Number of protein chains: 2
Amino acid sequence: MLADEWKGREVGALEEAAKEIRDELVLRVKENGGHLSANLGVVELTLALHAVFDFPQDKLIFDVGHQSYVHKLITGRTLETLRRKGGTGGFPDPEESEYDAFVAGHSGTSIAAGIGLCNARDLRGENYKVIALIGDASLGNGTALEAVFSSETKPKNFVVVLNDNGMSISKNQSALYRSLSKMTAKKRYRKVNSFLGRTFKETGAFGRKLRKFKYFLKGWLNKNDFFERCGFKYIGPVDGHDLRELLAVLSNIRKMDEPVFLHAVTCKGKGYAPAEEDPSRFHGTGKNFAAGENSFSTALGRLLCERAEQNKNLVAVTAAMKDGVGLSEFSQKFPDRCFDVGICEEYAVTMAAGMAKGGLLPVVCVYSTFLQRAFDQIAHDVCLQNLPVIFCIDRAGFVGADGKTHQGLLDEAFLRAVPNLRIFAPKDCAELSDVFDFALTVGGPCAIRYPNGYAPNLGGTQKISEYYQWETLSDGDGVVVLACGARAVARALDAKRLSGTNCMVVNCRTVKPPDERLLREVSHRKIIAFEEGYLAGGFGSAVAEFYASCAQPVRLKIIGAENKFVPHATATQQAEECRLTAQDLARKIQAFSAQ
Amino acid sequence: MLADEWKGREVGALEEAAKEIRDELVLRVKENGGHLSANLGVVELTLALHAVFDFPQDKLIFDVGHQSYVHKLITGRTLETLRRKGGTGGFPDPEESEYDAFVAGHSGTSIAAGIGLCNARDLRGENYKVIALIGDASLGNGTALEAVFSSETKPKNFVVVLNDNGMSISKNQSALYRSLSKMTAKKRYRKVNSFLGRTFKETGAFGRKLRKFKYFLKGWLNKNDFFERCGFKYIGPVDGHDLRELLAVLSNIRKMDEPVFLHAVTCKGKGYAPAEEDPSRFHGTGKNFAAGENSFSTALGRLLCERAEQNKNLVAVTAAMKDGVGLSEFSQKFPDRCFDVGICEEYAVTMAAGMAKGGLLPVVCVYSTFLQRAFDQIAHDVCLQNLPVIFCIDRAGFVGADGKTHQGLLDEAFLRAVPNLRIFAPKDCAELSDVFDFALTVGGPCAIRYPNGYAPNLGGTQKISEYYQWETLSDGDGVVVLACGARAVARALDAKRLSGTNCMVVNCRTVKPPDERLLREVSHRKIIAFEEGYLAGGFGSAVAEFYASCAQPVRLKIIGAENKFVPHATATQQAEECRLTAQDLARKIQAFSAQ
């Protein structure tokens, strides 16, 4: 398919295409894993945008971007290789196609990027339309809100399309219906009215889950004049699955030059019954719609439930990653002690700081890549006050198919520099429990980082203590391999065998502070510091800094990821690409031994 | 003065105290530098809060916190030592007083922290009031907006007091007056009405400056039902300088348990004519109200004006730091190319990414401490797309009197790990110009960091080139001193003289990439890596990583700041406290030479 094909197509042809695209989506996401519900929900919206606007001359910016599969199909990309190494990525990427106007993967950026693009266009005297497609959940993110409120005027020829999944609006129906009366066409009113009625009924179960944030947002959306105050002409709500209506509305918008906020109501999972019934299950799925093997996540969820029974002050905080980080059971058992604040990482961390100040023990559960959003809040609100907040950092290291926007390779570098923060990297789920219990006793901020996927038990029974001591898993008089993190430790044990050398393998379960006693003991030997993270500023640097701060000359080799963005593939392939496998390590041990 | 003194005081006594406090504020800020206008504006508000609530049992959380001087006076602290080493800090600090419920220094955190504190209180079955005092500019920050929109209900016994400086409301007067009609007491209405009329008239000149953001915000504020939708009972606007009215309103609020949003209109600089007339000049001042010697800032401003003449694509972006970063002249000369987005660092960076994508060359001018707010946007929106955005990072290193919330010690660690980003640290203003011109040619993201205060010309004329080579400022066959950043280079040159050794002094003007050729050349010698920044993850680590990534054994000593939060003092005293002066370095060179 080529994008030009879609320009000016008639409704009938587009409706036909919508069917084919839906079949393709279900098939390919089943094969490759990915985000199904969101993409099923934007089939008509994406088709209509492509039928009306002139991409890539006009610019289409996705928010979060997991809903870009339809756009990718339409612009000539295959989903057969979706999220596979060398294949089509799961998020918009200007390197992949000129139709992808801006990168996305994190939330809330599209309006800010769109305004920037418009500013550039206008200063350079160019002429094109900029369209930002944003979901209702993303609109609550701080970056998006800053952009919406940034000024009372917005650039011309700028269109924000709100993809409103309409899943939690039930409580507020009357207000929404009232706002619809502003629509002039009676027929359209009835149509949307009936559509909305169906949608909210069907998705009532999921609606309750996200009620807190979304219910409020809907009320807010229905104040149409709200967006007018922000400098937009507000249009909507329109039925985001009615191609005829979408084509009519978008064609009108195309002729206008004033900034427009188009409110489209869609149904997440539309057209695939299992996804319509349980869109959250199909939000992001593994191959064959498996839930994914997140052993650390599962272990953490279980652990938090146990500790919460014993410790009434323990509460959990997350930012729209409740299931992903393993909090499903916790949220059911302790609904009053589980705070899912939506896609608001900054608020999550500062709110946790407030809870810690008030005597609770907040556990902030978040993916490494999204923790970046709250770096200042970690430093300024939590660590400066030395508050007992525990950060459980999931998806640290290579994340696999989500690719370069989602890699968990930065957290050690940015966390290591923050005073008062202790950083742990347990080697397996048993040690996660050990380290977590230790963190509860610290009385200050702690970060515990671990990867996604299957995590085997690696043995070793030496408990961590107040000395933050590392654990020698395999002794030997050869090279000392300091391995940090679950995957690095597992590979180091394999590499010992593969290398055929008598190296010593140490489980470096604290990144900060390091085990200075052990570092002093081995300072006369050849040392390799090994981890799955950027070499720059990471664990190996901590080791180098220790020796260099006391000017201790040492034969040290640091092995970590080269400083580049690592695209989608399996996590194992990503480790291969960055030469961080057990085989790579074994070769390096052999070479270093021989030096 | 003790806080208990203020509980239940009568209006007359408070009015008397307000006068004394204003005199003290003007006197002490003249002596010590600090934030005058904001504090003059909250005298009555702070007195009234202390007269009505039971602090420290009740919790008062400041936003940004530069308006806490009155609170500090009332709670028994002196301003004689304001912002001096060992004296009273310029921001709230729980370590300084139990009356300071939460740290502040960055913007937009108070509502999130307040909700967290309320959550803790309610889960623990405790009973106190939580009050967040936030200015209108802070309310536009992403963290604040996330907290406001986080849910449609807010905790009980939670009061947000909006300190609305009322400076740019003129355009929207009629809407405001209309909203006042909702107030029931006719007398109060007339009073506020007349007060508002006076205020807006008096401050019309400054109003224009901040119009863009604030004008919009006012319109928004006047939709009283807006905050009601966010779960607050909205009360206001009230005259924030009328003690009688404030006592009456706050006493009522104290008796309520529902969450309240109190909108108080105040006048920045109130009661000190020069500050009322030009509040921005007195926002943050040096001693004797001097503007401060910010040589790098001044040089940057001049440079940008020159380059903007030559290059039509160059635009400047800042986040409410326009004067501080040196953009005053630029904003006057190129009003269409200067984007001050208010206290929205995230939006600033992602918007800049959009502008770069659209063909402009955005220069983001920001203090090091506030850049932390946009870490994810730097990584995900700018660097992942390798966009030509130049970050000019002011106040890098020790910042002096602003103290621990404002130190610029983290930026190297968090920036160094981000792929595609080049980091420069020019030794003086001449080199700033050289490095900036080089950055313009790079075609990708660059960060240029430099400290505040006086920056002497350090000589040296070797221009930077595509090899990113460092500059040997003083040759010698002793220890190799790799100095990074203006202050470190100046101290290294002094230390050579003080040490009486023949050390070699290198100006390491790139942090990333390092000059690998030079590093290889000196690898057999004793090396000191020296900078004013946290040792963890900083410049010295970059040097150590280079050698350790190729397993090159080396006699390397890293000297940088110990990993702790460094409190207010002069920047020189802070360097002394962290043992980073020229004398400290000289001693270390001597000792290392003798080893």
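Above this note sits the structure.
Worth saying up front: this structure is predicted, and the values here are computed from it rather than measured. (Residues numbered from 1 in each chain as written. Chains lettered and ligands numbered in written order. Predicted model: local features only at pLDDT ≥ 70, side-chain atom pairs only at ≥ 80, totals over all residues. Heavy atoms only, no water.)

## A closer look at the side chain of Glu532(A)
Residue and element names in this part refer to chain A.
Working step 1: Within the secondary structure layout, Glu532 lies in strand β16 (residues 526-534).
Working step 2: Residue Glu532 is classed as buried on the basis of its relative accessible area, which comes to 6%.
Working step 3: A polar contact of 2.6 Å, which involves the side chain of Glu532, links it to the side chain of Arg487.
Working step 4: There is a polar contact of 2.9 Å between the side chain of Glu532 and the side chain of Arg491. (Helix = DSSP H or I, 4+ residues; strand = E, 2+ residues; numbered from the N terminus. Buried < 20%, exposed > 50% of the residue type's maximum accessible area, 1.4 Å probe, protein only. Polar contact = N/O pair within 3.5 Å; in protein donor to acceptor, adjacent residues only side chain to side chain.)

## Brief notes about the interface of chain A and chain B
How big an interface is tends to be expressed through the accessible area that disappears when the partners come together.
Working step 1: Facing the 105 residues of chain A at the interface are 105 residues of chain B.
Working step 2: For the pair chain A and chain B, the summed buried surface comes to about 8,700 Å²; carbon and sulfur atoms form 66% of the total.
Working step 3: There are 2 salt bridges connecting chain A and chain B.
Working step 4: Between Arg373(B) and Asp376(A) there is a salt bridge; the shortest N-O distance is 2.7 Å.
Working step 5: Our enumeration of links across chain A and chain B arrives at 40 residue pairs in polar contact (both at pLDDT 80 or more).
Working step 6: The element contributing the most residues to the side of chain A that touches chain B is helix α17 (residues 345-357) of chain A, with 9 residues. (Contact = heavy atoms within 4.5 Å. Buried area = accessible area lost by both parts, 1.4 Å probe. Salt bridge = Lys/Arg side-chain N within 4 Å of Asp/Glu carboxyl O.)

## A few points about the relation of the copies chain A and chain B
Working step 1: It takes a turn of 180 degrees to lay chain A on chain B, together with a shift of 0.0 Å along the axis; the resulting RMSD is 0.0 Å. On the angle and the small slide along the axis, the relation comes out as a two-fold axis.
Working step 2: Mapped onto chain B, 100% of the interface residues of chain A again fall at the interface, so both copies present the same surface. (Least-squares fit on C-alpha atoms with pLDDT ≥ 70 in both.)

## So, the pairing of strand β5 (residues 260-265) of chain B
Residue and element names in this part refer to chain B.
Working step 1: Taken across its 6 residues, β5 has 6 buried, putting it largely inside the fold.
Working step 2: Of the two faces of β5, the one holding Val260, Leu262 and Ala264 and the one holding Phe261, His263 and Val265 are both buried throughout.
Working step 3: Sheet analysis places strand β3 (residues 158-164) next to β5, joined by 6 bridges and oriented parallel. For Asp164, the partnering residue across the bridge sits in β5 and is Val265.
Working step 4: The sheet contact formed by strand β4 (residues 233-239) and β5 spans 5 bridges and is parallel. Following the sheet pairing, Asp239 is matched in β5 by Val265.
Working step 5: Running through helix α13 (residues 243-255), the crossover from β4 to the neighbouring parallel element β5 is right-handed. (Pairing = 2+ DSSP bridges. Right-handed = clockwise from strand over helix to strand, strands pointing away.)

## A short note on the sheet that holds strand β10 (residues 422-424) of chain B
Residue and element names in this part refer to chain B.
Working step 1: If you trace the 7 strands from one edge of the open sheet to the other, you get β7-β6-β8-β9-β11-β10-β15, paired in mixed fashion. Each edge of the open sheet is held by one strand with a lone partner, namely β7 (338-340) and β15 (510-512). Pairwise comparison of adjacent strand axes, ignoring direction, gives a mean angle of 20 degrees for this sheet.
Working step 2: As paired elements, β10 and β15 share 2 bridges and run antiparallel to each other. From the neighbouring strand, Phe424 faces β15, where its bridge partner is Thr510.
Working step 3: Those strands touched by helix α17 (residues 345-357) are β6 (314-318), β7, β8 (361-367) and β9 (390-394), and its axis lies near 165 degrees from that of β8. (Axes fitted to C-alpha atoms, helices over the stretch in contact; angles between N-to-C directions.)

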